[in-house]
Amino acid sequence: YTLWLMLEPYGFVRNAWLGMWQRLIACLGPAGARIDRRSIQAEARTQGIPIVPVQDVNAPEFVEQMRGFAPDVIINQTELLLKEALLAVPKRGVVNRHASLLPHYRGRVGSWWSHAAQPPEYGVTIHFVEREIDAGPIILQKSYAIDPRRSYTEVLDILFSDAPQLMLEALEKIEDADFVPQPNRYKGTRTYLFPTLDEVRAYRKILKQRRQGVNR
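Structure report, in brief.

Rules used in this analysis
- Residues numbered from 1 in each chain as written.
- Predicted model: local features only at pLDDT ≥ 70, side-chain atom pairs only at ≥ 80, totals over all residues.
- Heavy atoms only, no water.
- Phe/Tyr/Trp six-rings, centres within 6.5 Å; stacked < 30°, edge-to-face > 60°.
- Buried < 20%, exposed > 50% of the residue type's maximum accessible area, 1.4 Å probe, protein only.
- Lys NZ or Arg CZ within 6 Å of the ring centre and 35° of its normal.
- Axes fitted to C-alpha atoms, helices over the stretch in contact; angles between N-to-C directions.
- Helix = DSSP H or I, 4+ residues; strand = E, 2+ residues; numbered from the N terminus.
- Parallel < 35°, antiparallel > 145°, perpendicular 65-115°, else oblique.
- Left-handed = near helix turned anticlockwise from the far one by under 90°.
- Contact = heavy atoms within 4.5 Å.
- Nonpolar A, V, L, I, M, F, W, Y, C, P; charged D, E, K, R; others polar.
- Polar contact = N/O pair within 3.5 Å; in protein donor to acceptor, adjacent residues only side chain to side chain.
- Pairing = 2+ DSSP bridges.

## Description of the packing of aromatic side chains
Here's step 1: Throughout the structure, instances matching the rule amount to 6 aromatic pairs.
Here's step 2: Centroid distance Trp4 to Phe12: 5.3 Å. Interplanar angle 65 degrees. Geometry classified as edge-to-face.
Here's step 3: Judged by its relative accessible area of 34%, Trp4 falls in the partly exposed class.
Here's step 4: Ring centres of Trp112 and Trp113 lie 4.9 Å apart, and the angle between their planes is 80 degrees; this geometry places the pair in the edge-to-face category. Of the two residues, Trp112 and Trp113, both sit in the buried class.
Here's step 5: Every member of this aromatic cluster is reached through a ring pair, and the members are Tyr105, Trp112, Trp113, Tyr192 and Tyr203.
Here's step 6: A cation over an aromatic ring shows up here: Arg190 above the ring of Trp113, its NZ or CZ 5.1 Å from the ring centre.

So, in structure tokens, the structure goes:
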């Protein structure tokens with residue numbers, strides 16, 4: 001119900017359908033792989049990139065496997081906390097995309113907290129990963145002027161559609177040996193969790209006021 005309120009009916013149904021479709025593809029095994037067009041695995045197969053299934057990215061055997069690849073950079077897109085052993089593997093570091101202007105709205109669903117804020121604040125940050133949550137130095141940031149009356153689903157579509165290009169620009173930056181990232185001044189800032197039902201209900205009231213043109 002919390003997700004229904006966050007995403008609104010269209011966004012909730014769309015995301016539920018996509019999630020069920022991907023689970024169906026996974027259950028079909030090799031047959032599912034032939035009809036998969038949306039996943040990271042599908043793109044990797046198209047590009048001839050090896051896929052390494054893993055349950056625990058911090059497991060010693062997986063870390064050792066990553067060392068064998070000797071990567072310059074690891075791009076992280078999980079919500080898991082990465083331990084020092086894995087963070088130390090790539091030569092240039094582990095890079096993450098976060099949908100807020102760090103250090104604002106660190107933690108879970110930063111994009112939603114940014115949208116729910118009064119006034120709202122929209123942006124994407126590409127940053128290095130450290131042990132603390134969303135606390136690594138900032139490689140690149142971009143802010144967005146988005147109509148605050150839009151649904152959260154529409155906000156996500158805008159931010160995510162631009163994120164791949166921002167990641168490529170960030171990778172170009174860190175290829176330069178002289179590049180110095182910006183400090184992430186996160187000390188003293190809040191680490192956000194997934195919103196409670198009461199917090200989402202409060203957001204829906206704010207969104208209703210925005211759409212009615214009420215400023216309070």
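## Observations concerning the packing of helix H1 (residues 2-28) against helix H8 (residues 197-211)
Here's step 1: Interhelical geometry of H1 versus H8 gives an angle of 20 degrees and a closest axis separation of 8 Å. With respect to each other, H1 and H8 are oriented roughly parallel. The crossing of H1 and H8 is left-handed. Counting all contacts with H1, which are made through Thr2, Trp4, Leu5, Met6 and Glu8, the residues of H8 involved are Leu197, Val200, Arg201, Tyr203, Arg204, Leu207 and Arg211.
Here's step 2: Per-class residue counts for the contact of H1 with H8 are 7 nonpolar, 1 polar and 4 charged.

## Brief notes about the side chain of Asp162
Here's step 1: The topology assignment puts Asp162 in helix H7 (residues 152-175).
Here's step 2: A residue is classified by how much of its surface remains accessible, and Asp162, at 18% relative accessible area, is buried.
Here's step 3: A distance of 2.6 Å separates the side chain of Asp162 from the side chain of Tyr144, its partner in a polar contact.
Here's step 4: With residues near it in sequence (within four places) discarded, Asp162 still touches Lys142 and Tyr144.

## Regarding the sheet that holds strand S2 (residues 93-98)
Here's step 1: Judged by pairing direction, the sheet is mixed, and its 4 strands sit side by side in the order S1-S2-S4-S5 without closing on themselves. Where the open sheet ends on each side, the last strands, each with one partner, are strand S1 (73-76) and strand S5 (138-144). If you compare each strand with its neighbour and ignore which way they point, the axes differ by 15 degrees on average.
Here's step 2: In the sheet, S1 pairs with S2 via 4 bridges, with the strands oriented parallel. Across the sheet, the residue bridging to Asn76 is Asn96, located in S2.

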